[in-house]
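Fold and geometry: a report
Listed here are the chains, written in short residue letters.
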Amino acid sequence: MRRSSTRYLLPALAILLVVGCSTNKDAFLNRTFHKLVTRDNGWFNANEKLKETVAAMQKAHVDDYDLVLPIFVNGTEEEARAMVPELEICIEKCATVIDRNSMEFGGKEKNTWIDDAWFVIGKSHFYKRAYLDASRTFDYIGRRYKGQDKQMEAKLWLARTAIELEQYAKAQSTLDEIKGQKELPKRFPHDELSAVQADLDIHRGKVDNAIVALEHAVQITRTKRNRIRWSFILAQLYQMKGQEEKAIAMYNKITRMGPPYEMGFHAQIFQALAFDHGNSKTIRQKLSKMLRDEKNKDHYDMIHYAVAELDLKESQRDNAIAQLRMSALTSTVDTRQKAKSFMKLADLYFDDKKYPSAQQYYDSTSTVLAEDHPRFEEVTTRAEVLGDLVIQLNVIAREDSLQDFAQLDPEERQERIKEMIRERERQEVVEQQAADDAREVVASTPLTPNKPGAGGGGGAWYFYNPSHVARGMADFKKKWGNRPNADDWRRADKSGTALVDIAEEEETGDLATTNALAEGEPEWKNPENYLKDVPVNEAMLDSSNSKICEALYLSGMIYKEKLKDVDNAIESFQVLNDRFEDCRFTPESYYQLYRIYLAKEKAGNFMDFGGASSKHYADIILERWPGSEFARLVRNPDQLQADEAARIAEVEAYDGLYQQFKQGAYRGVIATCDGVIANEPRNHLLAKYSLLKAMAIGGLHLMGPFRDALGEVRDKYPGTDEAKAAIALLANLDKMAAAPEAETSPTSDGPSYQTGKGDHYVIIIIPDSAGPMSRVTAAISDFNKRFFRNQSIEVKTSIWTPGTQVVLIRLFQTRELAMTYYDLFKNNKGDLAGINDQGFPLFAISSDNYQSFYVAKDSVGYREFFSRTYLDLK
């Protein structure tokens, strides 16, 4: 009997299963079946993978505490690229369950888990940074699934997406729509609604509004991680608005919330940075205690920096400088903090007009400061300008030192030289001892592993072990930054004294002379070399004075024009005039003093004490150099303004023509350049016009005339930046001419490309020497499956020239999609090794341009077009 019932039960269940599988019937069994399948098969797995992927990204994310932290950790571009394969799987799983289990009847979705699947798809697009796709998905959920659980939450994410797209008005209207609902779903994240509002307000610069919204979010959130993070951001906003007491109280509260180590540490540090008035004793005691804690070893630099900030606020400038130096000295792994310490020192010395010290620290800052830092350009410029100034100051100091040395009695000179040699010998002994100690350490280090069978190449010499070398280079860069490979890079003063410089320069002199003077001995031991540049006769003294005169003038001009430090400029010019009655730069020095005092008088806050006025210097110029250009400018002070106005007009005209060049109007640009070169011989931008003409000729793919035009720039304007650019371009042309056929030059009648917005391809030109083409296409296909698994992308190869092939990757419906693929392809570091890292030509190209490009084999011409119309516009 039981066998009989079992025999009929199984077929009945199978029939019910088949009937339930249908999405065309709105029955309880069908709905229940597809809800279960959607929830437990596709959505659950995809949602779990999405949560795991995002959690891993957020765990690995490193916050920049120099900025207000982002309320939501959405990931950087690099982090998003790393998540793409996993997110594509999430999208695929949900797309599959939607396709197979959606049950729409009468315009209404009967499967209540379909909106959840769409929601996972939208979030996956969001974390991929495919914000347009995410926006369309969230908008679709909000319109299509009204009244269902995910409708309002999708709108919340639509607002987040609009913020990332900088569509702030749309984000606000979406948030207002959510807030206007009479009732929100039971599980709606109210804390995130307030947090998104705060995020929007921060992006719009409405900090006061952001504080109100974030205070509410902190108050109602039930997630510890969010409460800690949002509280920290709230403290940062308090600090930004000058509410120091609130900021310090909030930072102090965070330290008792059990925050992650980095956030807890920064909360303690920021209490000190937020301190503005009152007694700092308590905060100093906290910082002192932190310095005694071994686990803060890698953050000692930050603690010393915080102490320095307290010292500055309490007008203890010398103590602050000492603490900043200690911060730089104790820095280990945090290059951002090292950059901050260096920069603060540089700024302090710069404000005190101690320019040599400021130059050293700006130079050090530039080696560790991130290129996207807001002050990167300012720091590098100051380092360069002050470097020029220090060169001139060193010239003055060197020549003065040599002239003073020349005034000594011959016996005293010899005694001084002997003392220098003895000091150098003592230094050599110390350095030799250090080298011997280092060799003993190396000799005592076993060259084989202690344990039999230990791997990792432990038996190799240190410098033959790539991992050791790489680690050493990384540690060096962490501590010292990107230093050039040069001698004496750690020495604050590479010049030493003038006499030692002379002796060391002689060491690199003629070997035969060296051997004749002192065979087997270094040249610095020869006393005669120390007297080489000492001005012991009239001609040498005149030469030395000329160098000092020029250095005084150039330093004065740097003070005046680049540093806007008129007091030091006046001093430099005045010293020049007092010291040299009539050197090469004397007239110019008087004229610069005239201009400085004229500007002071026009400013209205100048009083003449002791005869220093523009009239005083004008009278000297008119009396001593009546026929000079300076006298002409003194007689007509407005002439300089007229000349400057003409220069501004010339710059504007050139800029307008350059815009035409960027738009591809090459023939018109060439004609205009010819007109300016022929008719405006005094135009101060003639070199630029000549180079622009050459570039326009290159844009027409006229390679012979292009070379001729570049050669003309090189020969006609030697030493200029334009001549250097022309030389570099000619070298590149020579290199391309010698390259394999993959880099074929265009013909003189090269194709004309149009900016396309429709279908696009991505192409890469690969020589046969790169290996079997089947391996290349297989690697690209695997890359496509991993990163673009939900897109149909074809990989095809064609003969380009004998010995090279072009790989065609298609099809992308828009230019933007092609460039997204191009960026991922170019920046991939694993899947495409040996393909995207070999410098092979890689482009995105419209289908309209591809035919002309392929027929003409115009890789050089199209490279320029691609760079100008695709890369430059990114």
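Residues numbered from 1 in each chain as written. Predicted model: local features only at pLDDT ≥ 70, side-chain atom pairs only at ≥ 80, totals over all residues. Heavy atoms only, no water.

Looking at helix 14 (residues 300-313)
- Taking 1.5 Å per residue as the helical rise, helix 14 with its 14 residues ought to reach 20 Å, and the 20 Å between its terminal C-alpha atoms agrees with that figure.
- The buried fraction of helix 14 is high, at 12 of 14 residues.
- Taken together, the buried positions of helix 14 are occupied by Y300, D301, M302, I303, H304, Y305, A306, V307, A308, E309, L310 and D311.
- Where helix 14 is buried, its residues contact helix 12 (261-274), helix 13 (281-291), helix 15 (317-330) and helix 16 (335-351).
- A positive backbone phi angle near 60° is found at S315, which sits one or two residues after helix 14. (Helix = DSSP H or I, 4+ residues; strand = E, 2+ residues; numbered from the N terminus. Expected span 1.5 Å × (residues − 1). Buried < 20%, exposed > 50% of the residue type's maximum accessible area, 1.4 Å probe, protein only. Contact = heavy atoms within 4.5 Å.)

Observations regarding the pattern of salt bridges
- For the structure shown, the criterion picks out 42 salt bridges.
- A salt bridge links D208 to K241; the shortest N-O distance between them is 3.7 Å. Taken together, the residues D208 in helix 9 (residues 207-220) and K241 in the loop between helix 10 (224-240) and helix 11 (244-254) connect sequence positions 33 residues apart.
- With a closest N to O distance of 2.3 Å, E629 and R632 form a salt bridge. In this pair, E629 and R632 both sit in helix 27 (residues 629-635), three residues apart, roughly one turn of the helix.
- Salt bridges sharing common partners tie together E415, E419, R422, E423 and R426. (Salt bridge = Lys/Arg side-chain N within 4 Å of Asp/Glu carboxyl O.)

A few points about the confidence of the model for the chain
- On average, residues of the chain score 82 in pLDDT, and 83% of them are at 70 or above.
- Predicted confidence for residues 12-16 stays below pLDDT 50, and this span has one contact to residues more than four positions away or in other chains.
- Long-range and interchain partners of residues 740-748, a stretch whose pLDDT sits below 50, account for 27 contacts in this model, where long-range means more than four residues apart. (pLDDT = per-residue confidence, 0-100.)

A few points about unusual backbone geometry
- Cis geometry is found at the peptide bond from R810 to L811, where omega equals 15°.
- One non-glycine residue, K564, lies in positive phi territory at about 55°.
- If you trace the backbone, K564 turns up in the loop between helix 23 (538-562) and helix 24 (566-579).

Digging into empty space enclosed by the protein
- Considering all chains together, one arrives at one cavity of 30 Å³ or more under this definition.
- There is about 40 Å³ of room inside the largest cavity.
- As for the largest cavity, its lining consists of Q268, Q271, I283, K286, L287 and M290.
- Elements represented by at least two residues in the lining of the largest cavity include exactly helix 12 and helix 13.
- Here the element with the most residues in the lining of the largest cavity is helix 13; it accounts for four residues.
- Broken down by class, the residue content of the lining of the largest cavity amounts to three nonpolar, two polar and one charged. (1 Å grid on protein atoms, 1.4 Å probe; cavity = no way out; pocket = protein on both sides within 12 Å on 5 of 7 lines; lining within 4 Å. Points joined across faces, edges and corners; volume = space filled by probe spheres on them. Nonpolar A, V, L, I, M, F, W, Y, C, P; charged D, E, K, R; others polar.)

A closer look at the pairing of strand 4 (residues 794-801)
- Bridge count for strand 4 against strand 5 (residues 804-812) is seven bridges, and the pairing is antiparallel. From the neighbouring strand, K796 faces strand 5, where its bridge partner is L808.
- The antiparallel hairpin formed by strand 4 and strand 5 contains two residues in its connecting segment, where G803 sits at a positive phi of about 100°. (Pairing = 2+ DSSP bridges.)

Section: the layout of surface pockets
- Approximately 1300 Å³ is the volume attributed to the second largest pocket.
- Taken together, 38 residues form the lining of the second largest pocket, with R129, A130, E816, L817 and T820 sitting closest to its centre.
- Sorting the residues of the lining of the second largest pocket by element identifies helix 3 (77-101), helix 5 (131-144), strand 5 and helix 34 (815-827) as the ones contributing at least two each.
- Residue contributions to the lining of the second largest pocket peak at eight residues, all from helix 34.
- Tallied by class, residues from the lining of the second largest pocket come to 18 nonpolar, eight polar and 12 charged.

Considerations on the environment of T801
- Structurally, T801 is set in strand 4.
- A relative accessible area of 10% means that T801 is categorised as buried.
- For the pair T801 and P767, spaced 34 residues apart in sequence, the C-alpha separation works out to 9.1 Å.
- For T801, the side chain forms a polar contact with the side chain of T804, separated by 2.5 Å. (Polar contact = N/O pair within 3.5 Å; in protein donor to acceptor, adjacent residues only side chain to side chain.)

As for the packing of helix 4 (residues 114-127) against helix 5
- Contact pair helix 4 / helix 5: the axes reach a minimum separation of 7 Å and the direction vectors enclose 160°. What the angle tells us is that helix 4 and helix 5 run roughly antiparallel. The interaxial crossing formed by helix 4 with helix 5 has left-handed handedness. The segment helix 4 lies against helix 5, with D115, W118, F119, I121, G122, K123, H125 and F126 engaging Y131, D133, A134, T137, F138, Y140 and I141.
- Grouping the constituent residues of the contact of helix 4 with helix 5 by class yields nine nonpolar, three polar and three charged. (Axes fitted to C-alpha atoms, helices over the stretch in contact; angles between N-to-C directions. Parallel < 35°, antiparallel > 145°, perpendicular 65-115°, else oblique. Left-handed = near helix turned anticlockwise from the far one by under 90°.)

What about the environment of T112?
- Looking at the element boundaries, T112 is found in the loop between strand 2 (108-109) and helix 4.
- Taking the relative accessible area as the measure of exposure, T112 reaches 38% and is therefore partly exposed.
- Separated by 37 residues in sequence, T112 and D149 place their C-alpha atoms 8.5 Å apart.

A closer look at the state of the cysteines
- Under the counting rule described, the total for this entry stands at one disulfide.
- One disulfide bridge connects C549 with C583, the sulfur atoms lying 1.8 Å from each other. When the S-S torsion is 40°, as for the bridge of C549 with C583, the disulfide is right-handed. Of this pair, C549 sits in helix 23 while C583 sits in the loop between helix 24 and helix 25 (586-603), placing them 34 residues apart in sequence.
- You can call C583 buried: its relative accessible area is 16%.
- Between C94, a free cysteine, and C90, which holds the nearest cysteine sulfur, the sulfur-to-sulfur gap is 7.0 Å. (Disulfide = S-S within 2.5 Å.)

Description of the packing of helix 30 (residues 686-699) against helix 31 (residues 703-716)
- At a minimum axis distance of 8 Å, the contact between helix 30 and helix 31 shows a crossing angle of 170°. Taken together, helix 30 and helix 31 sit at an angle that is classed as roughly antiparallel. Note on packing geometry: the crossing formed by helix 30 with helix 31 is left-handed. Within the contact between the two elements, helix 30 uses S690, L691, A694, M695, I697 and G698 and helix 31 uses P705, F706, A709, L710 and V713.
- Residue classes in the contact of helix 30 with helix 31 are distributed as nine nonpolar, two polar and no charged.

Concerning the packing of aromatic side chains
- Within this structure, the stated rule accounts for 54 aromatic pairs.
- A ring pair is formed by F783 and F825, whose centres lie 5.8 Å apart and whose planes are at 80°; its orientation type is edge-to-face. Placement of F783 in helix 33 (residues 773-787) and of F825 in helix 34 is noted, with a sequence separation of 42 residues between them. Residue F783 shares its accessibility class with F825, and that shared class is buried.
- One aromatic cluster is present, built from ring pairs that chain together Y753, Y761, W800, Y822, F843, Y850, F853, Y854, Y862, F865, F866 and Y870.
- Of note, R160 hangs over the ring of W157, and the distance from its end group to the ring centre comes to 4.1 Å.
- Positioned above the aromatic ring of Y854 is the side chain of K857, whose terminal nitrogen or guanidinium carbon lies 4.0 Å from the ring centre. (Phe/Tyr/Trp six-rings, centres within 6.5 Å; stacked < 30°, edge-to-face > 60°. Lys NZ or Arg CZ within 6 Å of the ring centre and 35° of its normal.)

Topic: the pairing of strand 5
- With seven of its nine residues buried, strand 5 lies for the most part within the structure.
- In this structure, strand 3 (residues 760-767) lies alongside strand 5, joined through seven bridges in antiparallel fashion. For I763, the partnering residue across the bridge sits in strand 5 and is L808.

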